[in-house]
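# Structural overview
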Amino acid sequence: MTDARFEAILRDGTSILLRMARPDDRESLIALFGRMSPTSIRHRFFGAKRELAEADLRYLTSDDTQVAMVATICHDREETILGVGRYVTLPDSHIAEVAFDVGDADQGRGIGTLLLDHLARIGRARGVTTFRAEVEADNSRMLDVFARSGFVVRQSLDDRTLHVDMPIADTDRFLAAAAARERSAAARSLRAIFAPASVAVIGASRTQGTIGRAILDNLIQDGFGGPLYPINPKASEVAGRRCYPSIGAIGSHVDLAVIAVPAPLVETAVHECAAAGVRGVVVITAGFAEVSAVGRETERRLCAIARSAGMRMIGPNCMGVLSTDPAVRLNATFSPVSPPIGNVSMATQSGALGLAMIDYARELELGIAEFASIGNKADVSVNDLLAYWHDDPRTRVIALYLESFGNPRTFTRLAPEIARERPIVAVKSGRSAAGIRAASSHSAALASLDVGIDALFAQTGVIRTDTLEQLFDVVSLLSSQPVPVGPRIGVVTNAGGPGILLADACEARGLTLPTLAPHTVEALRAFLPAQAGLANPVDMIASAPALHFEAAIELVGRDPNIDAVVAIYVPVLVTQPDEIARAIARGAAAVPAEKPVATVFMSSKGTPAGLSSGPRGPIPSYSFPENAAMALGAAVRYGAWRKRPIGTRLRLTVEQEQAIRAQIRASRTAHGEGWLPFDEIAALLGSAGIAVADHRTTAPEAGAATTAALELGFPVVLKAIAPGLVHKTDAGGVALDLGDAHAVTLAADAMRARLMANGSTLEGFLVQRQIRRGVEAFVGVTTDPSLGPLLVAGIGGIAVELYKDVAFRVTPVTDVDAAEMTDQLRGRPLLDGFRGAPPADREALLDVLMRVSALVEIVPELAELDMNPVVVLERGAGAVTVDVRMRLAPKQVRE
């Protein structure tokens, strides 16, 4: 842990680095002490102190029973320590004393809270359960740090000293407080990018058609109101504005710098921005991690420069950012078109697709609030943008094009909070099988390349679409209409065929077209011709005039059996599309506000402007019925997700965590990395509260297996223990229903012979008491290279890979997640009691899933786990793991 480093953001949006203290920090720590007032020194050392003694410096930079961490920032390549925090573990205890030093000028920025957060994370991993502090009663800033932490703080007063104890478990309360702090800080850090007071364009050119010139022209044409500084050492004027040779020559503060110079010059430009105190940079230039290892290293340096200077960076290899906020009017992109003003905020990792997205938004008249092309996302990530848009009053819908995830665990925490208030719609590339890796366990074999992303989005409420067209279809609906309260769709059309197509498409997406209420049917009959179809869809026939559209939409929309309305119009000679569009808008205005209205205008001339003429505002229009059904289906599923309970995580006790970590340390010492012996896995699961069938492991002699069986009691199951033997049944390595000692001896001899014939080495036998009745389930863990651990649940047994009846979730999971996993299995009826069988103990299976998820959090070395089968007994009788494999890998850092 001595090399642990964490990037973090302060309350004011400044980026800092948290790292472990080093012996070479002595001078910087002395300087920090010099920036502390006498009052701060008294609060820290409980008395006057003129300087840090040698013993103090050794105390802060050694690493024995204590951990010391510093918060640093870099200006002009000089690192400054802003604060230091340390804890010392008390002898023979899980309690550690904690203390912090922060310079007076930097107090109140959140440095102490961040140090506390990360020291607690390290402490938990080392077995510390409680932080203790001695605080002078008038030290309000330190007490505020503890109060804001999210930990439960216990205080007692002795004279003028408060004795503070804080259990440092990552409770829901702590996680919520930490997430809120992280979200707020990330949002503040991006204000200089999306709402800058001043902008510099580094690489502004006098030559039309260059990227630097296009960005400058867009900033001017879209009306950016603050100071605008072209930077070009070879020009004195660009686009009628004074040009500067460098950003340092401006002589005034700059919030945002857009860099569009050749790749070899970018690093120098970023250094100059850091030295000038620029708050945000957007690096347009390509030629970094996306092209070579050298470029990747240069990109790493760019990020380090930006972060150490407290500066945020978008890119490199991007097309810029824009905000249509009338108070900002920022278009720092090289897009040839500007989007209309609206309520959709977009982010894309692809610059080329970003250009297409802006162009398509303009064509659809889809209003944009903010847009960011983040390219290689070396610093600013999708998570940062989500944090920024979380509380943005102008953003109603968030649209994302993703190629990869930076920190999926942060996404898992952040996205649900946002999605409960505003929809997130995403296209995630990478559904192909080109990257599927060879698998050494059932869990890995069942996890195709894309199931992790589907699981992540299902948990977090993100609406996933397969194409950009679908993304725009869904965004068009949700940016202008309410989220449907249910799946019941009412359809009004002037053509029967498209109505049938819509009905089929709705059914395929879980939507229904219910029968209309009798009073609605009677009201429709009063004005529609006799040939009209009054069922749902309502077919008004081809000649239906505008007034019929208006009246029918109002009636169907007010029907109590309907949650959303779709109006389909096919142009015919006897009708006028513009007139029909205005009538639809009037009819939609009379539909209750909580019900969305969409249209299908099947015309090559596009959507008439009249659809936006009513008081309801823009009404989304689609070219074909299937598009409308897809958008509504996605919106309905999202609405159902928003109503689901948040759920709670199961956390093991401190004693269980300590026992598990001790067992893992012992296993790693004995075996290193790789697959663990069954006995050690069973003990580990037992510590986590997961039942494993009674068993014995024996030597490879038949007599040893027989003795073990006599100890357990019959009937028993005999299993071979052999290196590399994954599918024991296929290799003849399992014998069931062994009812006496003679049967065990015969089975052991036969098993040894079969394995020898197959070239396998028999190391021993596993003898288990046979579990006779129950539903065979599968529980596992596999590791996605980009998302981390995935929890797997399914119907188990020897055919688990054949049927692939499994569900995935990203850990950690809640009780709601676990229930949804079992609910989506095709074999769920087996758990409910299929064909007269007694219902199985589904709650016990959910408990196993929750405990495995908790185990993953405690054991970051856990790479693969197969529990197959887990026999789910009759209701109330529990669940028992019969066979299990576990592989350890190097410890993964999870934030």
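In this text, all values refer to a predicted model and were calculated from it rather than measured experimentally. (Residues numbered from 1 in each chain as written. Predicted model: local features only at pLDDT ≥ 70, side-chain atom pairs only at ≥ 80, totals over all residues. Heavy atoms only, no water.)

Before going further, it helps to examine the overall build of the protein. Scanning the protein from N- to C-terminus turns up 29 helices and 38 strands. In terms of overall dimensions, the protein is globule-like: its C-alpha atoms have a radius of gyration of 32 Å, near the 29 Å expected for 895 residues. Structurally, the protein occupies a C-alpha span of about 95 × 85 × 60 Å along its principal axes. Within the protein, the proportion of its 895 residues that are buried is 56%. Of the contacts made within the protein by residues no fewer than 6 positions apart, 70% connect residues no fewer than 24 positions apart. For the protein, the accessible area works out to roughly 36,200 Å², and carbon and sulfur atoms hold 53% of it. Here the protein carries 89 positive and 100 negative side-chain charges, and the mean point of each set is 2 Å from the other. (Helix = DSSP H or I, 4+ residues; strand = E, 2+ residues; numbered from the N terminus. Rg over C-alpha atoms; globule rule 2.2 N^0.38 Å. Buried < 20%, exposed > 50% of the residue type's maximum accessible area, 1.4 Å probe, protein only. Contact = heavy atoms within 4.5 Å. Areas by Shrake-Rupley, 256 points an atom, 1.4 Å probe, with all protein chains shown as cover. Lys, Arg positive; Asp, Glu negative; His and termini not counted. Charge placed at Lys NZ, Arg CZ, Asp CG, Glu CD.)

The next thing to look at is unusual backbone geometry. That bond from Gly315 to Pro316 is cis: its omega, 0°, falls within 30 degrees of zero. With respect to the helices and strands, Pro316 occurs in the loop between β15 (312-314) and β16 (320-323). Here the residue pair Phe714 and Pro715 is connected by a cis peptide bond, since its omega of -5° sits within 30 degrees of zero. Looking at the secondary structure, you find Pro715 in the loop between α24 (702-712) and β30 (716-721). If you check the backbone angles, Ala239 has positive phi at about 55° while not being a glycine. Note on placement: Ala239 falls in the loop between β11 (237-238) and β12 (241-242). What makes Ala239 partly exposed here is its relative accessible area of 28%.

This part takes up helix α18 (residues 518-525). Looking at α18, one finds that the buried residues are Thr520, Val521 and Leu524. Within α18, the buried residues cover an arc of 100° as seen down the axis, which keeps them to one side. Looking at α18, the residues exposed on the side facing more than 90 degrees away from the buried face are Pro518 and His519. Buried residues along α18 sit against β24 (538-539) and α19 (546-558). (Arc of directions from axis to C-beta.)

Turning to its location among the elements, Ala415 is positioned in helix α13 (residues 408-419). Once the C-alpha coordinates of Ala415 and Leu456 are considered, the two residues, 41 residues apart in sequence, prove to be 9.9 Å apart. Not counting the four nearest positions on each side in its chain, Ala415 is found in contact with Ile424, Thr460 and Val462.

Once that is clear, we can look at the pairing of strand β8 (residues 161-167). Looking along a regular strand, one sees side chains alternate from face to face of the sheet. Counted residue by residue, β8 has five buried out of seven residues, so it is predominantly covered. In terms of strand pairing, strand β6 (residues 130-136) meets β8 through seven bridges, oriented antiparallel. Looking at β8, one finds that Glu136 is bridged to Thr161. Inspection of the sheet shows strand β7 (residues 154-158) paired to β8 by five bridges, in the antiparallel sense. (Pairing = 2+ DSSP bridges.)

One pass over the structure, following the stated rule, counts zero disulfides. There is no disulfide at Cys273, and the cysteine sulfur nearest it, in Cys318, is 14 Å away. Residue class for Cys318 comes out buried when judged on its relative accessible area of 4%. (Disulfide = S-S within 2.5 Å.)

Right, let's talk about the packing of aromatic side chains for a bit. If you walk through the whole model with that rule in mind, you get nine aromatic pairs. Relative to Trp389, the ring of Phe194 has its centre 6.3 Å away and its plane inclined at 50°; by these criteria the two rings are tilted. Of this pair, Phe194 sits in helix α7 (residues 191-194) while Trp389 is found in helix α12 (residues 382-390), placing the two residues 195 residues apart along the sequence. Taking relative accessible area as the criterion, Phe194 reaches 0% and is therefore assigned buried. Taking the centre distance of 5.1 Å and the plane angle of 50° together, the rings of Tyr569 and Phe601 count as tilted. Of this pair, Tyr569 sits in strand β25 (residues 564-569) while Phe601 sits in strand β26 (residues 597-601); the two residues are 32 residues apart in sequence, bridging distant segments of the chain. Judged on exposure class, the residue Tyr569 and its partner Phe601 are both buried. (Phe/Tyr/Trp six-rings, centres within 6.5 Å; stacked < 30°, edge-to-face > 60°.)

Counting across every chain of the model gives 42 salt bridges. Residue Arg22 is joined to Asp24 by a salt bridge in which the shortest nitrogen-to-oxygen separation is 3.0 Å. For the salt bridge of Asp138 with Arg42, the shortest nitrogen-to-oxygen distance reads 3.1 Å. Linking Asp138 in the loop between β6 and α5 (140-148) with Arg42 in helix α2 (residues 38-45), this pair joins segments that are 96 residues apart in sequence. We classify Arg42 as partly exposed; its relative accessible area is 27%. Beyond isolated ion pairs, a larger network of salt bridges with shared partners links Glu7, Arg307, Arg312, Asp379 and Asp384. (Salt bridge = Lys/Arg side-chain N within 4 Å of Asp/Glu carboxyl O.)

Another point: the confidence of the model for the protein. The pLDDT averaged across the protein works out to 90; a share of 95% of its residues lies at or above 70. Low pLDDT (under 50) marks residues 432-442, which in the prediction has 24 contacts with non-local residues, meaning those over four places away or in another chain. (pLDDT = per-residue confidence, 0-100.)

Next up on the list: α2. Along α2, the residues that are buried comprise Ser40, Ile41, His43 and Arg44. An end-on view of α2 places all buried positions within 160° of arc, on one side of the element. Considering only its buried residues, α2 is in contact with α1 (26-34), β4 (78-89), β5 (95-102) and β6.

Here the focus is the packing of helix α22 (residues 654-671) against helix α29 (residues 842-858). Two elements in contact, α22 and α29, have axes whose closest approach is 10 Å; the angle formed by their N-to-C orientations is 60°. As summarised for this structure, α22 and α29 are arranged oblique, according to the angle between their axes. Note that α22 runs across α29; the crossing there is right-handed. When α22 is examined against α29, the residues Gln656, Glu657, Ile660 and Arg661 are found in contact with a partner set consisting of Arg851, Leu855 and Ile858. (Axes fitted to C-alpha atoms, helices over the stretch in contact; angles between N-to-C directions. Parallel < 35°, antiparallel > 145°, perpendicular 65-115°, else oblique. Left-handed = near helix turned anticlockwise from the far one by under 90°.)

Below, the discussion takes up the sheet that holds strand β10 (residues 228-231). Pairing in this open sheet of five strands is parallel, and the strands run β10-β9-β13-β14-β15 from one edge to the other. Since the sheet does not close on itself, it has two edges, and those belong to β10 and β15, each with one partner. Averaged over all adjacent pairs, the angle separating strand axes in this sheet is 15°, with direction ignored. Taken together, the four bridges between strand β9 (residues 199-202) and β10 define a ladder with parallel strand orientation. Note on β10: the bridge partner recorded for Val199 is Leu228. Against the sheet, helix α9 (residues 263-275) touches β9, β13 (256-259) and β14 (280-283), its axis set at about 175° to β13.

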